[in-house]
Each structure stands twice: as C-alpha cells, then as structure tokens.
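Observations on the three-dimensional arrangement
Listed here are the chains, written in short residue letters.
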Amino acid sequence: MHPTLVRLLRSTPVLTDGAWGTQLQALGLRAGECPDAWNLTHPEQVRQVARLYVDAGSAVILTNTFRSNRIALEGFGLADKVVDINTSGVRISREAAAGRALIFASIGPTGKMLMTEEVTPDEMLAAFTEQAAALASAGADALVIETMSDLEEAKLAVQAARTTGLPVVASMVFDSGKDKDRTMMGSTPEQVAEELAAAGADVIGANCGLGMEGYIPIARRLRAATHLPIWIKPNAGLPEMVEGKVTYRTTPEEFARQAAALRDAGVAFVGGCCGTSPQFVHALSTMLR
Amino acid sequence: MEDLKKLYDAILTGNFKSAKEITQQALAAGADPQAMVQQYMIPAMDEVGRRYEANEYFVPELLISARAMKASLEFIRPLLIASGAEPAGRVVIGTVKGDLHDIGKNLVAAMLEGAGFEVIDLGVDVSPEKFITALNEKKAGLVAMSALLTTTMNSMKTTVEAMKAAGVRNNVKIMIGGAPVTEKYAEEIGADGYSTNANGAVALARKLVAA
C-alpha cells in the first residue's frame, strides 16, 4: 500500500468532506455557471468552503476540480484553462488545510459516452492524463476519480491517474436497476471492485446517487469483494422541492447516526456527497469518534 | 415472413449490421414496411424494455438495440412517409437552460426513435424560447425536458411558464426527467409526467400521445 495511505489508515474511518457545489452557490455561484472556474475568479470563496470542511473535522478534503478535464471544460469554453484551474484547485485546498488535512484531488467524468462514440477511449485517456498530471504537479496527496457511471471510463481515468505515482481512489455511482445496486451501465459492486482493482486503483468507492440507506449494503458488498480500502460518500437522501428550492431532508445527525453502519462494515473513508455540508462532517466527526 | 423473425432477433440483440441487411433484403422482396414495424420491430423494442425492467438489460443493451432499430428505420421511414403513415408522435427534446448534461437526454431520444417517434433534438442548454420556437415550427405534440442538476432543474419550471405565456402550453404534453426529478416536482411545475429512466420515458410518451 502507498505510504500516504498506510499513515492515513492507522485510525479509521478517515473523515472526508461533503458537497462543494451547493456551498459555492450559497456564496453566489449561479446556476449553470462552471463551479471549477471559481478557482480562478473567486479563489477566496472556494478557500472558504475548503476551510469550513477542515474546521468541521475533515482529515481529507477534495479540490474544486470535478469538471476540470478538457472534455468537460470544453462545454464551458474553458478548454484552454485545464492546467490553471487544476493547479489553482490544489493550491486553494492546500492553503485552506494548512497542514491539518490531506488533499485528495477530484477527477469527475467527462460527461460524454464511449458507447455512443461521441468520444474515443484515446481522447478520454488523454484528457484524464492531462488533468491528473496537472493535479500531481500542483502537489496533490492523492487523486479521487469520483461519480463515475461507466466502468470503462473509470478504468481509463485510473490508468491515467496511475501514471502520477499518487494513490488513486476510484468511486462509482450505484443508482440503477430495480434494486438500485448497479451502475448506470449495469455493473455490480463486485464487478466494479474486481475491475477497478485490476486497473490499479488503491481504494474502491461509491458516491452520489443514493443516500446512506442505499450505500450501507453497497459498502458491505464492496468490502466483501476486495481487500482494498473502501471509500463511501452518500447523498443526504433524496432531494425535494420546498417552496421552489431544492432541499435535502436528511439532517446531519440522522446521516451521522446511519454512518455508524459504514464504520461497522469496515469502510475506511466516510464523507458525504450532494446535499451534505460542513455540519454533516461535524456530525460525522462527533458520531464516529 | 419467416425471415423477419431474424429482424426481431437482430434488434433484440442489438446487431445493427444484420438489422440493416435483413431490412434491405425484406424490402427488396416486397415486405410491407408497416407490418415489419408493427409485427417485428416494435415488439422487439418492447421486449428490450421488458428485459430492462427485469434487470436483464441495462443501458448498454438499450443503446445497442436502439441503434439496430434506427439502422432498420432509416430504410423503412421514407417508405412509411411516402405512404402517408404518421410517426408514433413528434417529440421536441432538450436539456434545459444552464445544464450541459446530455447522456440521459440522448438515451431518451434514442429510445423514443426506437419506438417510432420522430425526435427533434435541440441539444443542451436549451432556452425556453428555443423550445417554444421548435414546438411551433415542428408541430410537435410532445416536449421532453431533461436536467441532471438540482441547480438547473428549475429551468424546467421557467420553460413551462414561458410556454404558458406564449400560449402553446395547451397544444402539447410535457414530460420531464433527470436525476433530481421526482413525481412531486413534475406535478408542482405542471408537467404531464416524468420518468426515472429512458425505458419508462417511452411508455410515458405513448401514454401521453394516446391521452
């Protein structure tokens, strides 16, 4: 195991962070605006989000670079800013952590689909390699490939991330099929664990898509399917519209109470995805300690 | 028409090459295009849908079957149009303003085409005005809106309101979909229905067109 992970995993579960996008919106990010571009235009606000997570107890924080691969940034007309946005993203998280947390830099999906041939595997691999290299040169402690729906895309991202020599977390969304235990493309937790491990991931995970109740059984299945550490970041339940505003009804306390089952299942990294906030991390920190 | 069972199989297994070949051969031999669609092709896509609901098929299988269906329809559709047959319905589809995600929308579009609908795809980040213009120009009876993000789904509401203001709301049925969309949200913004997946969207579109 990579020495960074060995040190980090002496005491588990390790607390990661919660959602960034919704936090940035609270600070003025407009709907449809590229959140990652704020690394260049509003670094202070991004730093504030990162700092709130570290203050709440995150031992690992991510970076505001979820969409910062060339293919996704192209949609916002920002393809020429790949290196700048990724470099700033790592720097901002690093400054906010000030030595109190490690920086696991975020790599999200391209938003294009291999199966429909709108993008080739080579183009995808090149985009992920470019992003991973930029994140690594900026000093990330590890890379997190997250919110992946297609195992093939996730494997290309792992392949790209591995070229940096950093530890690689690979996390997929399980929200499909009648039991909500498959990825969009139909892969089971067992297939995901096996294939991502074979591709060279150091940590296997699940995030987004489902709330805590959905990811507890998924975590157990991932745990049984691999000896690698497990990473879980559920949503704060399902979104509801309340007076025209998207609201997640799960409270930080409920979320944290349920998270005890993740710890008991042997999950190494616990945090939250959509709808979670520094309050959720604080509740997790209180509950899991 | 023993050979057309092979067309059914080709669509069901997503073999677009053989779907195309069998279609060309059958048409050359004088098969009735309408009967091919009704008796073999749509039943094949229905079986694809059944397998999807039963966890036997997933998105990749939906996609390859829809592609095989489309390959066959490319030869059949001109003949149907020439004979005056109408499509199952005309759908204007797009991802709403502010949202650039197109995977879900593309899947729904492919499945609707596979079910015999004429699909007018407006792409992503579609403004209410663009939806309204397309509805008017194409005389579509259905509009399908997609959003992946909780932050952009409110563009659906804005679009429905703009359609009301432009006086076109009552000419069409509105269906919506995307990760954060719920039945309650569909009701709240005054849409006619929602679906959680591309297969369900076909059933919904058929229901709305028949209503």
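Residues numbered from 1 in each chain as written. Chains lettered and ligands numbered in written order. Predicted model: local features only at pLDDT ≥ 70, side-chain atom pairs only at ≥ 80, totals over all residues.

1. Some remarks on the pairing of strand β4 (residues 142-148) of chain A
All names here are of chain A. As a reminder of what qualifies: The exposure label follows from counting other C-beta atoms within 10 Å of a residue's C-beta, where the C-beta atoms are placed from the backbone and the thresholds are 20 or more for buried and 12 or fewer for exposed, leaving partly exposed in between. By definition, any uninterrupted DSSP run of H or I lasting at least four residues is a helix, any uninterrupted run of E lasting at least two residues is a strand, and each is numbered from the N terminus. Strands are labelled as partners when DSSP assigns at least two bridges between them. The crossover handedness rule: strands pointing away from the viewer, path from first strand over the helix to second strand clockwise, crossover right-handed.
Among the seven residues of β4, seven are classified as buried, and the element is accordingly described as predominantly covered. Direction of pairing for strand β3 (residues 102-107) relative to β4: parallel, over a ladder of four bridges. Within β4, the residue paired with Phe104 across the bridge is Ala142. Handedness of the β-α-β unit built from β3, helix α7 (residues 121-137) and β4 comes out right-handed. Pairing between β4 and strand β5 (residues 168-172): four bridges, direction parallel. Looking at β5, one finds that Leu143 is bridged to Val168. Regarding the hand of the β-α-β motif, the stretch spanning β4, helix α8 (residues 151-162) and β5 is right-handed.

2. Digging into the domain arrangement of chain B
All names here are of chain B. Here is the rule we go by: The domain limits used here are those given by an automatic or database domain assignment. What counts as a contact here is a pair of residues whose C-beta atoms, placed from the backbone, lie within 7 Å.
Per the domain assignment, the segments making up chain B are domain 1 (4-82) and domain 2 (90-210). For domain 1 and domain 2, the distance between their C-alpha centres works out to 25 Å. On the side of domain 2, ten residues touch domain 1, which itself brings 13 residues to the contact. If you tally residues by element for the side of domain 1 that touches domain 2, the top one is helix α4 (residues 59-82), at seven residues.

3. Quick notes on the sheet that holds β3 of chain A
All names here are of chain A. Here is the rule: Every axis in this analysis is a line fitted to C-alpha atoms, fitted for helices over the stretch in contact. Angles between the N-to-C directions lie between 0 and 180 degrees.
In spatial order, the strands read β1-β10-β7-β6-β5-β4-β3-β2; together these eight strands make up an open sheet with parallel pairing. Edge positions in the sheet fall to β1 (14-15) and β2 (60-61), since each of these pairs with one other strand and no more. As paired strands, β1 and strand β10 (residues 269-270) are joined by two bridges and run parallel to one another. Bridge pairing in β10 places Val14 opposite Phe269. Against the sheet, helix α9 (residues 189-199) touches β5 and β6 (203-207), its axis set at about 135° to β6.

4. Let's talk about the interface of chain A and chain B
Contacts between the two partners involve 19 residues from chain A, matched on the other side by 19 residues from chain B. Residue contributions to the side of chain A that touches chain B peak at three residues, all from strand β8 (residues 239-242) of chain A.

5. Some points on the environment of Leu143 of chain A
Residue and element names in this part refer to chain A. Mapped onto the secondary structure, Leu143 falls in strand β4. On the basis of neighbour count, Leu143 is assigned to the buried category, with 31 C-beta atoms found within 10 Å. The sequence separation of Leu143 and Arg94 amounts to 49 residues, and the corresponding C-alpha distance is 14 Å. Leu143 has contacts with Ala105, Ile107, Ala132, Leu135, Ala161, Thr164, Leu166 and Val168, leaving out every residue within four places of it along the chain.

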